[in-house]
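Summary of the model geometry
Here is how the chains run, residue by residue.
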Amino acid sequence: PATTAARVEKVVQIGRLDSISEERFIAEHLSPGVPVVLPIPDCPAKAWDYATLRQRVGDTPVIVRHNTQRQEYKVGKAYDIRNMTMGEYLDHIEGGTAKNMYLAVQNISRIFLNLQGDLPQMPLVGRQHGGPFLWIAPGGHYEYCHLDPDDGFLLILRGKKRVKIYGSNDFLKLYPNPLGYKGRTIQSQVDCDAPDLTRFPEFQHTTCYECEVNAGEMLFIPAFYWHQVTTVVNTISVNYFFGDRDGRCYLAKIMEAPRLAVFTHWLLNIVEQNRSFKSFERTLQRLPEALQHFLLKQWHDTVAPDQLERLVRIVLDYLQLQAVPPVSAEEHDHQAKNPVPLKIRGLRWRKPT
């Protein structure tokens, strides 16, 4: 039988600060990748409750994850989606019937425009990559361990979440899913609350940075760090994805060890997602341009010539190619246009029900 253990890794509590300057945040947390809990700046969103959301956005259509209590979900491998209104989902939350559901990654700036003005000013958020996003989870929800290709803040407006973070040095010890897995994140195969040490023995040699984030607090989660979030009680939260203010600093940061190995895996995962498509050959013929366009779209970052050369070499080595293939006649006819893009292929297991 499989060997399991509740806590086998080294545990370090994440620090808390009452305030911090932007300069200190950059020097001590953003640049080196050190998580920290901070107070949320004052804003109307801190007073949100279910009645407020029901009144203001109750009729808005939302997408809700379903079957989130299955083991396949806990290791990031499977879930379904359901379409409903926010009011209908809040009925499940308040009625205690949402245990197998999760409202996740709802883009406030696109879906809930009338809520956007309630959010705080975020001076520590540099160049915003995505969001802000709204999440509403039932107590007991276990969100699968994964990593995002962005720095992030998790803001708890109501409720409480428990967060486990594992640094880039422990990337392989959390057993990422094989290259080619769908989506923008990388998922871990390990259930962090009940790790199977027979299948994943290296997990016991990790260091877990842990904290509970309470209402009115926000947690900084560094880019390319594993994190697993458990909802302690019914919780309303918002998150931001971002990078450094300087358009070249973010890419330079993640192209240094130890994050370089994780970033490389993430990039090759995108390559593998696209590899089976007929259009990939044309993407490959203009690989430097395709990479520039892809990273500009993801992070609004300008890629320096030396960075681009390194990235092209990483992709070519993975594909066992000596050089970028010559441009075909078909692609030559399209030279005036952008190259066929690298695309993040959506999660194959997201099926509306």
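Quick summary incoming for the structure in this document. Small disclaimer: the values here were computed from a predicted structure and weren't measured.

Counting secondary structure elements, the chain contains 12 helices and 12 strands. Taking 353 residues into account, the globule formula puts the C-alpha radius of gyration at 20 Å, and the chain, at 21 Å, falls close to it. Along the first, second and third principal axes, the C-alpha set of the chain runs to 60 × 50 × 45 Å. Residue burial in the chain is summarised as follows: out of 353 residues, 56% are buried. By element, 51% of the accessible surface of the chain is carried by carbon and sulfur atoms, the whole surface being about 15400 Å². Between the averaged position of the 41 positive side-chain charges in the chain and that of its 39 negative side-chain charges there is a distance of 4 Å.

Inspection of every chain in the model, using the stated rule, returns zero disulfides. Sulfur of Cys43: no disulfide; nearest cysteine sulfur belongs to Cys211 and is 19 Å away. Residue Cys43 is classed as buried on the basis of its relative accessible area, which comes to 14%.

Of all hydrophobic cores here, the largest spans 42 residues; its most connected members are Phe224, Phe263, Trp266 and Trp299. If you list the elements that add at least two residues to this core, you get strand E7 (142-147), helix H7 (249-254), helix H8 (259-275), helix H9 (280-285), helix H10 (287-299) and helix H11 (305-318). Here this core takes seven residues from H8, the largest share from any one element. Ignoring anything within four residues of it in the chain, the contact list for Phe263 reads Phe224, Leu251, Ile254, Met255, Trp299 and Leu311. With 40 residues, the next largest nonpolar core counts Tyr89, Val125, Leu155 and Met218 among its residues.

About the thresholds
Residues numbered from 1 in each chain as written. Predicted model: local features only at pLDDT ≥ 70, side-chain atom pairs only at ≥ 80, totals over all residues. Heavy atoms only, no water. Helix = DSSP H or I, 4+ residues; strand = E, 2+ residues; numbered from the N terminus. Rg over C-alpha atoms; globule rule 2.2 N^0.38 Å. Buried < 20%, exposed > 50% of the residue type's maximum accessible area, 1.4 Å probe, protein only. Areas by Shrake-Rupley, 256 points an atom, 1.4 Å probe, with all protein chains shown as cover. Lys, Arg positive; Asp, Glu negative; His and termini not counted. Charge placed at Lys NZ, Arg CZ, Asp CG, Glu CD. Disulfide = S-S within 2.5 Å. Core = buried A, V, L, I, M, F, W, Y, C linked by side-chain atoms within 4.5 Å. Contact = heavy atoms within 4.5 Å.

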